Amino acid sequence: MTIQENISLKPYNSFGIDVNAKYFISVSSIAELQHVLMNNKGSKKLIIGGGSNVLFTQNIDALVIHINTKGIKLTSRFENTVLISVAAGENWHDFVLWSLKNDLGGVENLSLIPGKVGTAPIQNIGAYGVELKDVFDSCEALELETGEIKTFSKNDCKFGYRESVFKNELKNKYIVLNVNLKLSAVNHRIKTQYGTIASDLKKNNITNPTIQDVSKAIINIRTTKLPDPKLIGNSGSFFKNPIVSKESFKLLKLNFSDIPSYEVSDKLVKIPAGWLIEKAGLKGKRFGRYGVHKKQALVLVNYGGAEGNDIKNLAYLIQDTILKIFEIYLELEVNII
Ligand code: EPU
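What comes next is a walk through the structure. Given the structure is predicted, the values throughout are model-derived calculations rather than measurements. (Residues numbered from 1 in each chain as written. Predicted model: local features only at pLDDT ≥ 70, side-chain atom pairs only at ≥ 80, totals over all residues. Heavy atoms only, no water.)

### A word on the overall build of the chain
Phase 1: When you go through the chain residue by residue, the secondary structure sums to 8 helices and 20 strands.
Phase 2: For the chain, whose C-alpha radius of gyration is 20 Å, the value lies close to the compact-globule estimate of 20 Å for 337 residues.
Phase 3: With respect to the principal axes defined by its C-alpha atoms, the chain has extents near 60 × 50 × 35 Å.
Phase 4: The long-range share in the chain, meaning contacts at least 24 apart out of those at least 6 apart in sequence, stands at 59%.
Phase 5: When the accessible surface of the chain is split by element, carbon and sulfur atoms take 48% of a total near 16,800 Å².
Phase 6: On the chain, the mean spot of the 42 positive side-chain charges and the mean spot of the 33 negative ones are 4 Å from each other. (Helix = DSSP H or I, 4+ residues; strand = E, 2+ residues; numbered from the N terminus. Rg over C-alpha atoms; globule rule 2.2 N^0.38 Å. Contact = heavy atoms within 4.5 Å. Areas by Shrake-Rupley, 256 points an atom, 1.4 Å probe, with all protein chains shown as cover. Lys, Arg positive; Asp, Glu negative; His and termini not counted. Charge placed at Lys NZ, Arg CZ, Asp CG, Glu CD.)

So, in structure tokens, the structure goes:
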């Protein structure tokens with residue numbers, strides 16, 4: 001376990017951006033992590049997991065710590081549910097596959113989300129009608145400044161739409177070590193309401209879907225719409241779907257009668273940012289090495305050799321365009337570093 005110098009972070013970010021870390025170390029146990037922190041007090045640090053939610057725009061003048069801890073353990077068994085403790089460095093989708101193999105339900109709708117388990121609570125990953133918070137029990141996290149390990153309950157995490165305490169007041173203060181998830185062992189709740197899941201299953205003559213069937217359907221939908229980061233660099237949705245008041249939405253509807261929306265509460269609706277970007281004529285736009293994905297306008301892509309700043313500038317261009325046309329500010333989902 002030695003600290004390396006001037007290491008390319010290209011293999012460590014799903015956008016495939018080639019920047020260097022001044023210092024780099026990959027840790028595969030909590031003890032190793034504690035050791036590195038103890039011996040490098042006071043130096044600037046950047047923690048990375050799967051690198052699926054960052055856009056690097058410069059060389060990193062810090063010690064980059066890559067969390068590569070492994071382990072999936074059943075820690076408690078209740079009447080209908082189980083508690084599973086998963087190490088932060090486990091690949092999220094591998095964990096989903098593990099749970100399906102063991103017939104444990106709750107994360108099947110979150111199939112094929114890139115990234116690692118440790119980053120899942122930071123942005124409360126979500127897809128196809130399920131968010132991490134729906135199965136989240138607690139997590140253990142280490143405070144960078146003191147080295148103390150604290151347990152965060154679901155309430156402590158203050159989850160919201162792609163939000164948590166770790167993205168806000170505790171930003172860069174804690175490293176998630178383990179995530180404890182409550183999964184169903186029997187009577188799985190099948191969720192097929194989102195988009196075309198139900199009709200896709202029906203088309204394949206599946207009338208009584210299992211959690212494994214739901215996962216397969218979602219993998220199908222995702223692979224047809226979303227680019228595989230191993231082939232085309234990307235970090236999933238670059239923007240959040242904006243949430244606006246029902247009054248503002250009514251006004252928007254006067255000018256854009258086909259604008260879609262999902263109810264969030266009796267006062268608020270969510271508008272698909274992908275629709276706004278497509279309507280603005282930017283879907284599929286390619287600027288040489290980078291562009292807006294052809295099949296899902298929320299996703300920005302690196303066709304190979306793009307720099308972080310290319311993609312950042314494209315994101316700003318999209319924000320400006322959407323603001324001009326719709327008077328809506330698109331918040332970034334990706335962390336620009
Ligand atoms: N749409 C368009 N054009 C596009 C993309 C979307 O018109 O290019 C409209 C369509 O009306 C479509 C609707 O947007 O029916 C919803 O599209 P989709 O089901 O693809 O979902 P999304 O709202 O664009 C969100 C998440 C995705 C998640 C999907 C499915 C955010 C920011 N994104 O996208 O999450 O996979 O729902 O649940 O909430 C991610 O976070 O990286 C991610 C991929």
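### As for the sheet that holds strand 11 (residues 149–153)
Phase 1: Spatially, 6-7-12-10-11 is the arrangement adopted by the 5 strands of the open sheet, whose pairing is antiparallel. For this open sheet the edge positions go to strand 6 (72–77) and strand 11, each flanked by a neighbour on one side alone. Here the average twist between neighbouring strands, direction ignored, is 25°.
Phase 2: For strand 6 and strand 7 (residues 81–87), the ladder comprises 5 bridges, and the chain directions are antiparallel. Along strand 7, the bridge assignment pairs L74 with I84.
Phase 3: Running at roughly 160° to strand 12 (residues 174–184), helix 1 (residues 30–39) makes contact with strand 10 (136–143), strand 11 and strand 12 of the sheet.
Phase 4: Docked against the sheet, helix 2 (residues 92–101) engages strand 6, strand 7 and strand 12, running at close to 25° with respect to strand 12. (Pairing = 2+ DSSP bridges. Axes fitted to C-alpha atoms, helices over the stretch in contact; angles between N-to-C directions.)

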